[in-house]
Amino acid sequence: MITITSQHPIRTTLFFGLICGLSLIPFNLTIGYLLPGTKPIYLTLWLSVAGYSWLLSRWTKKPILSSGFPLLLLFVMSFLVNSLAAYYILSLVFLSWIRSEICFPTPDGRKLIVESSLCLLGGVPVVVYTPAFAAAWLLDIWMFFLIQALYFTIFEIKAIEPEDPYQTDLFERAGRQAEAILSDL
């Protein structure tokens, strides 16, 4: 059983997915001023994968540089791949690599089946029904992270209380602060 330092990896994954979905349009527009064509959406998706990799690394107390090679490869692929569907599938594969082989490694063959299923479940709807407008991408990104949260329900991952208040998950800390503010009202 793997221990992570976040109390609620499912809730944090969903919240992070919502942030990625909502920031998709501003990031895509900002990067679009610098790069032509479809490269801005590729780099925006890369930022989402890199951010989630950072969260996974923090939860397992692995150095972020342990995910550096797959993230670097995916970054390079964002300039080489010309199909959005192919890049999205690559993003799913690289995220599976980071999660199952770097952050939560076990010699269990079950993880390969679950990761493949999650990739299909998260990737096929987006590839088959390619979103035509930005709001649809927002929903697709959030749906992707919703499906990624299934990973933590399928595999038993024990959450522990951080000993140091500075090691508390940022999303968890923000959630507690928001609850405190709302309870004061």
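Given the structure is predicted, the values throughout are model-derived calculations rather than measurements. (Residues numbered from 1 in each chain as written. Predicted model: local features only at pLDDT ≥ 70, side-chain atom pairs only at ≥ 80, totals over all residues. Heavy atoms only, no water.)

**Overview of the packing of aromatic side chains**
Part 1: The full count for this structure, using the stated rule, is nine aromatic pairs.
Part 2: Measuring from centroid to centroid gives 6.1 Å for Phe16 and Tyr52, while their planes differ by 25°, and the two rings are stacked. Of this pair, Phe16 sits in helix α1 (residues 9-32) while Tyr52 is found in helix α2 (residues 39-60), placing the two residues 36 residues apart along the sequence.
Part 3: Judged by relative accessible area, which is 9%, Phe16 ranks as buried.
Part 4: Here Tyr52 falls in the buried class, since its relative accessible area comes to 0%.
Part 5: A centroid spacing of 5.3 Å and a plane angle of 75° characterise the contact between Phe75 and Phe79, whose relative ring orientation is edge-to-face. Remark: Phe79 and Phe75 occur in helix α3 (residues 68-80); sequence separation between them is four residues, near one turn of the helix.
Part 6: Taken together, the aromatic side chains of Phe16, Tyr52, Trp59 and Phe145 make up a single cluster linked through ring pairs. (Phe/Tyr/Trp six-rings, centres within 6.5 Å; stacked < 30°, edge-to-face > 60°. Helix = DSSP H or I, 4+ residues; strand = E, 2+ residues; numbered from the N terminus. Buried < 20%, exposed > 50% of the residue type's maximum accessible area, 1.4 Å probe, protein only.)

**Describing a nonpolar patch on the surface**
Part 1: Taken together, Phe15, Leu18, Ile19, Leu22, Trp142 and Leu146 make up a surface patch of nonpolar side chains, about 510 Å² in accessible area.
Part 2: Where the nonpolar patch is concerned, the elements lending two or more residues are α1 and α6 (134-148).
Part 3: Broken down by element, the residue count for the nonpolar patch peaks at four residues, all from α1.
Part 4: Within the element layout of this structure, Leu146 appears in helix α6. (Patch = residues over 30% accessible without salt bridge, like charges linked within 9 Å, V, L, I, M, F, W, Y side chains within 5 Å. Areas by Shrake-Rupley, 256 points an atom, 1.4 Å probe, with all protein chains shown as cover. Salt bridge = Lys/Arg side-chain N within 4 Å of Asp/Glu carboxyl O.)

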